[in-house]
Amino acid sequence: SQTIHQWPATLVQPVGSPLSLECTVEGTSNPNLYWYRQAAGRGLQLLFYSVGIGQISSEVPQNLSASRPQDRQFILSSKKLLLSDSGFYLCAWSGPGETQYFGPGTRLLVL
Amino acid sequence: AQTVTQSQPEMSVQEAETVTLSCTYDTSESDYYLFWYKQPPSRQMILVIRQEAYKQQNATENRFSVNFQKAAKSFSLKISDSQLGDAAMYFCAYMADSGNTPLVFGKGTRLSVIA
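Residues numbered from 1 in each chain as written. Chains lettered and ligands numbered in written order. Predicted model: local features only at pLDDT ≥ 70, side-chain atom pairs only at ≥ 80, totals over all residues. Heavy atoms only, no water.

**What to know about the packing of aromatic side chains**
Residue and element names in this part refer to chain A. Heads up, the rule is: Pairing of aromatic rings covers Phe, Tyr and the six-membered ring of Trp, with a centre-to-centre limit of 6.5 Å; geometry is then stacked below 30 degrees between planes, edge-to-face above 60, and tilted otherwise. In this text, helices come from DSSP runs of H or I with a minimum length of four residues, and strands from runs of E with a minimum of two, each type numbered from the N-terminal end. For the exposure calls, accessible area comes from a 1.4 Å probe over protein chains only, and a residue counts as buried if that area is under 20% of its type's maximum, exposed if over 50%, partly exposed in between.
Scanning the entire structure with this criterion turns up 16 aromatic pairs over all chains. Ring geometry for Y34 versus Y49: centroids 6.1 Å apart, planes at 25°, classification stacked. Of this pair, Y34 sits in strand β4 (residues 32-38) while Y49 is found in strand β5 (residues 44-52), placing the two residues 15 residues apart along the sequence. Taken as a pair, Y34 and Y49 share a single burial class, namely buried.

**Focus on the layout of surface pockets**
The condition that has to hold: For cavity detection a 1 Å grid was placed over the protein atoms alone, and a set of points counts as a cavity when a 1.4 Å probe fits there but cannot get out; an open set counts as a pocket when protein lies on both sides within 12 Å along at least five of seven lines, with lining residues being those that have an atom within 4 Å of a point. Grid points are joined across faces, edges and corners, and a volume is the space filled by probe spheres set on the points. Classification convention: Asp, Glu, Lys, Arg as charged; Ala, Val, Leu, Ile, Met, Phe, Trp, Tyr, Cys, Pro as nonpolar; all other residues, Gly among them, as polar.
The space that makes up the largest pocket amounts to roughly 310 Å³. Contributing to the lining of the largest pocket are 14 residues, with A39, R42, G43, L44 and Q45 of chain A lying nearest its centre. When its residues are assigned to classes, the lining of the largest pocket shows 5 nonpolar, 6 polar and 3 charged. Lining the second largest pocket are 13 residues, with Q39, P40, P41, M89 and R110 of chain B sitting closest to its centre. Among the secondary structure elements, those contributing two or more residues to the lining of the second largest pocket are β10 (88-96) and β12 (109-114) of chain B. Here the lining of the second largest pocket gets 3 residues from one element, more than from any other, and that element is β10 of chain B. Of the residues belonging to the lining of the second largest pocket, the class tally is 7 nonpolar, 3 polar and 3 charged.

**A closer look at a nonpolar patch on the surface**
Residue and element names in this part refer to chain A. Selection criterion: Only residues above 30% relative accessible area that lack a salt bridge enter a patch, with like-charged residues linked at up to 9 Å and the nonpolar side chains Val, Leu, Ile, Met, Phe, Trp and Tyr linked at up to 5 Å. Note on areas: these come from Shrake-Rupley sampling with a 1.4 Å probe, and a residue is covered only by the protein chains present in the view. Basic side-chain nitrogens of Lys or Arg form a salt bridge, by our definition, when they fall within 4 Å of a carboxyl oxygen of Asp or Glu.
Residues V12, L109 and L111 make up a contiguous nonpolar surface patch of about 280 Å² in total accessible area. Position of L111 relative to the elements: it lies in the segment after β11 (106-110). Under the relative-accessibility criterion, L111 is labelled exposed at 59%.

**Some details on the state of the cysteines**
Operational definition: Put simply, a disulfide is two cysteine sulfurs that come within 2.5 Å.
Counted by the stated rule, this structure contains 2 disulfides over all chains. In this model, C23 of chain A is linked to C91 of chain A through a disulfide, with the two sulfur atoms separated by 2.0 Å. Of note, the bridge from C23 of chain A to C91 of chain A carries an S-S torsion of about -75° and is left-handed in sense. Pair noted here: C23 of chain A is in strand β3 (residues 19-26) and C91 of chain A is in strand β9 (residues 87-94), with a separation of 68 residues, a long-range link. You'll find C23 of chain A and C91 of chain A in the same group, each marked buried. Covalent S-S linkage joins C23 of chain B and C92 of chain B, the inter-sulfur distance amounting to 2.0 Å. Here the disulfide of C23 of chain B and C92 of chain B is left-handed, its torsion about the S-S bond being about -70°.

**So, the pairing of strand β8 (residues 73-78) of chain A**
Note on strand geometry: in a regular strand, side chains alternate between the two faces of the sheet. All names here are of chain A. Rules: Pairing between strands is defined by DSSP: at least two bridges between the two strands are required.
Of all 6 residues in β8, 5 are buried, a share of seventy percent or more. In this sheet, β8 lies alongside β3 in antiparallel orientation, the contact comprising 6 bridges. Looking across to β8, one finds that L21 is bridged to L76. One ladder, built from 5 bridges, connects strand β7 (residues 64-70) with β8; its direction is antiparallel.

**Let's talk about the interface of chain B and chain A**
To keep it simple, the criterion reads: Whether two residues are in contact is decided by their heavy atoms, any of which lying within 4.5 Å being enough. For this analysis, a polar contact is any N or O atom pair within 3.5 Å, provided that within protein one partner can donate a hydrogen and the other can accept it, and provided that sequence-adjacent residues contribute only side-chain to side-chain pairs.
Of the residues lining the interface, 20 residues belong to chain B; the matching set on chain A comes to 23 residues. Our count for the contact surface shared by chain B and chain A stands at 0 salt bridges. Across the chain B-chain A interface, the total number found is 6 residue pairs in polar contact (both at pLDDT 80 or more). Among the secondary structure elements, those contributing two or more residues to the side of chain B that touches chain A are β5 (32-39), β6 (46-52) and β10 of chain B. Among the elements that take part in the side of chain B that touches chain A, β5 of chain B stands out by supplying 4 residues, more than any other. Residues belonging to the side of chain B that touches chain A are distributed by class as follows: 11 nonpolar, 6 polar and 3 charged.

Bear in mind that shape data such as this cannot, by itself, settle questions of function.
This is the structure:
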């Protein structure tokens, strides 16, 4: 069966520091991968999605970037965090045209 | 662009009773999928139910069922015999059937279950 992992689970970072969140999927190959952000008490905002290694689509222009160095690895990064980057970050995977399944998420607090 | 609207920010239900959460969507596509996800306090998103637009039969998963009205672009979720563990945020989501499109989410409905 497929599983999806995210780490870290919680992160507290100062403004201006870099960020790296990692997401990995097991038990499947060539998945579609997604990064979402959820601000407190709000819905999900799609940040990036990828249909293959090195293929990244950005939905929202901002100081975040994503990379997919391996088939089942998806990384969300920032060179300099802003206060507004605080939130809950969810990674998801799916087969083409199939249901998305979500990881446990990372809580990011930027101070 | 496709949009998903959940008009009920909050709902409450007595334990063992039935509650219906509303969702409408806007699309010009004829083939698509609709989903309900549950987000408990742990904040992990859990799939509740999925409906293919080409299927006329409403999807059912145990105590969860949907009322899919394609012409009206409506996709409501019915929870029967509500349990305390059903308390969560519920998100309606849409996905076009074009292979590699992401989900479009509604803003969610917070469901409280009263013992």
